[in-house]
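Working through the structure, step by step
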Amino acid sequence: MKGKRAGYWLVLPYVVFLLVFMAYPVLFSVWLTFHDWNIVSPDIPFVGLENYERLLNDDLFFKALWNTLRFILINIPLQIGLALILAVALNQPLKGRGFFRGAYFLPVVTSGVVISFLWAWMLSTDDGLINGLLQKAGLHPVPWLTSETWAIPSIAWVAAWKNLGYYVVIFLAGLQSIPKQLYEAARIDGATPLQCFFRITIPMLNPAMLLVVILSTINGFQLFTEPYIMTGGGPANSSLSVVMYIYKNAFQSLDMGYAATIGLVLALIILSVSMIQKRLLEKDVTY
Amino acid sequence: MGRKIGDMIKKGCLYTVLVAGAVMFVFPFYWMVLASLKTPEEVFRLDLIPSRVTLDSYRYMFERIPVWKGLYNSFVFAGSVTLITLIFTSMAGYALARLKFRGRDMLFSIMLLTMMIPFQLLMIPLYIIVVKLHWMNSFAGLILPVSVNALGVFIFRQFFLTVPQELIDAARIDGAGEWRILFQIMMPISKPAVVTVAILTFMGPWNDLLWPLLVMRDQQLMPLAQMATLFGLEGQGGQWGSIMAVNTMLALPVIALYLFFQRYFIESVGSSGMKG
């Protein structure tokens, strides 16, 4: 039939892209993890599991992984807490909702490069706006980006600030899908607004929560631009992210096999974490 | 009476929260543009209004990096990726939604699977492919590997599923082929899908740093995001004014687009799980 042939032709370009720039790279990646290659040398020796062994004994990799986890663990509650407050406020019948929603969304569309430089400047220890304000209030300046304690929390705040508007929109959609009758029934039964919030709003928002947690975890593991620009991974590698570490191994040490190994492990971590989260959170969803 | 006062307090609290939120999100942008217009001596002062406005920071920036070239490269990069994506994903989306052929359902499942592959797994082999094809420092190397994504196919497929079959049948009876049906009937009535895919796709390469960092070494070919990053990291020795100037140049086009198409931006990004 004519329609059949047309179908093949229509998907052909997409399938070619898929094979050349997706399927082949994935297989190539796996193959690379068993080899040692600096991309220049003509021979590519097979090294078996050496790259994996090296990974297990690589303190810097685990440091980068730990930094990334810390980032995620600070970033997620910040995002959920603040986005929830703003979404609940926006969900009330008020004037200027469109304006507020639009304003909150501004950082979402702005480049991570812009936001990283902007906040690197505002958070700089000696002449930044934030420390300037702290000093005006009679407080001590904080080494936001230059201390091992504060580098990751600061980056987690900046990333939360950038994406908050996006999560506000997700929560807002979730809030608007909650049936009004639930609140009316609860009010007749004498529930206080706070009870309504914790017994109705929060449970009914579970699907939105799930989406936010999964998206911010996946985004978190892919952290690169913010630490690359704001701290360069420092001080003392305290804000080195896994992706930065891949970048360093591949493009500064030309250690392609090892970099591919970290990339594969990272991909597996992302996949399994998001699958576990899905399982765990789906259990709580009740209607 | 008591209830009314309660309502007013409640309204007051709500507006306080909302305004505080708006200030938190908008003020840094004001601060950025302001810094780019201040004199170097005043960049670090906390005054909300500078005593003197100067374009010195912009002049310094233009002396050091080819900003217009960077903007042009960014437009070529983001524009080409968007165009290729729009054409190829709408074709695949139409075939997956409305045509029957062997392997269709399997292709759809594979497509959903590819959405879960993080770019960090692909970046090293993609870089090697680009090197082997002698595509380093070329727009082909920058554009092609990141064009066409599963999200586009998915959005188009969902939209095309809602088009009434009678419309397609009528066109077929009139002798139109599948290509004409797609580009002359389906696409023109699918503006929301086209706008959604276009916005989502355009923002990715415009704002991307990692991939250009791998492919482009020649400053004349770099997108502005990469140019700005290298400029900023090269230690401008406290030249925060000029870093904020290049930041402003990088942010302005997307923010202008955003203010113009605000509703579409929020809906498109909100409805589809954007990639960071």
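Every chain is numbered on its own, with residues counted from 1 as its sequence reads. By the order in which they are written, chains take letters starting at A while ligands take numbers starting at 1. It should be noted that, the model being predicted, local features are given only for residues of pLDDT at least 70 and side-chain atom pairs only at 80 or more, the latter also being counted only at that level, while totals for whole chains, interfaces and linings use all residues. Only hydrogens and water are removed before side-chain values are computed, so all heavy atoms of the structure are retained for them.

Salt bridges are defined as contacts in which a side-chain nitrogen from Lys or Arg sits within 4 Å of a carboxyl oxygen from Asp or Glu. Within the structure shown, the criterion is met by 5 salt bridges over all chains. Across the salt bridge formed by Arg54 of chain A and Asp255 of chain A, the nearest N and O atoms sit 2.9 Å from each other. Highlighted residues: Arg54 of chain A in helix α2 (residues 50-56) and Asp255 of chain A in the loop between α12 (242-251) and α13 (256-284), separated in sequence by 201 residues. The classification of residues rests on relative accessible area computed with a 1.4 Å probe and restricted to protein chains. Under 20% of the type maximum is buried, over 50% is exposed, and intermediate values are partly exposed. For Asp255 of chain A, a relative accessible area of 15% puts it in the buried group. Among the salt bridges present, the one from Asp105 of chain B reaches Arg104 of chain B, with a minimum N-O distance of 3.6 Å. Think of it this way: any DSSP run of H or I at least four residues long counts as a helix, any run of E at least two long counts as a strand, and we number them from the N terminus.

Moving on, we get to the side chain of Gln226 of chain B. Tracing the chain through its elements places Gln226 of chain B in helix α12 (residues 224-233). When sequence neighbours within four positions are dropped, the list of residues in contact with Gln226 of chain B reads Leu209, Pro212, Leu213 and Met216 of chain B. We call two residues contacting when some pair of their heavy atoms lies within 4.5 Å.

Looking now at the UniProt feature "transmembrane region" (unreviewed entry) in chain A. Residue and element names in this part refer to chain A. UniProt positions are given in the numbering used here, feature names are shortened, and annotations may be inferred rather than shown by experiment. Here, UniProt's "transmembrane region" (unreviewed entry) annotation points to residues 7-32, 69-90, 102-122, 150-175, 196-218 and 256-276. The span residues 69-90 shows a helical share of 100% and a strand share of 0%, and its end C-alpha atoms are spaced 31 Å apart. Secondary structure content for residues 150-175 is 96% helix and 0% strand, while the C-alpha to C-alpha distance between its ends is 34 Å.

Listed as interface residues are 91 residues of chain B and, on the opposing side, 86 residues of chain A. As a working definition, buried area equals the accessible area (1.4 Å probe) given up by two parts on being put together, with both sides summed. Contact between chain B and chain A buries roughly 8,000 Å² in total, counting both sides, with carbon and sulfur atoms accounting for 82%. For chain B, the biggest contributors to the area lost against chain A are Leu18, Phe25 and Leu121 of chain B; these three give 9% of the whole. Here chain B and chain A share 0 salt bridges between them. Of the residues forming the side of chain B that touches chain A, the biggest block, 18 residues, is contributed by helix α1 (residues 2-37) of chain B. Ten residue types, Ala, Val, Leu, Ile, Met, Phe, Trp, Tyr, Cys and Pro, are classed as nonpolar, four, Asp, Glu, Lys and Arg, as charged, and the remainder, Gly among them, as polar. Classifying every residue of the side of chain B that touches chain A gives 71 nonpolar, 14 polar and 6 charged.

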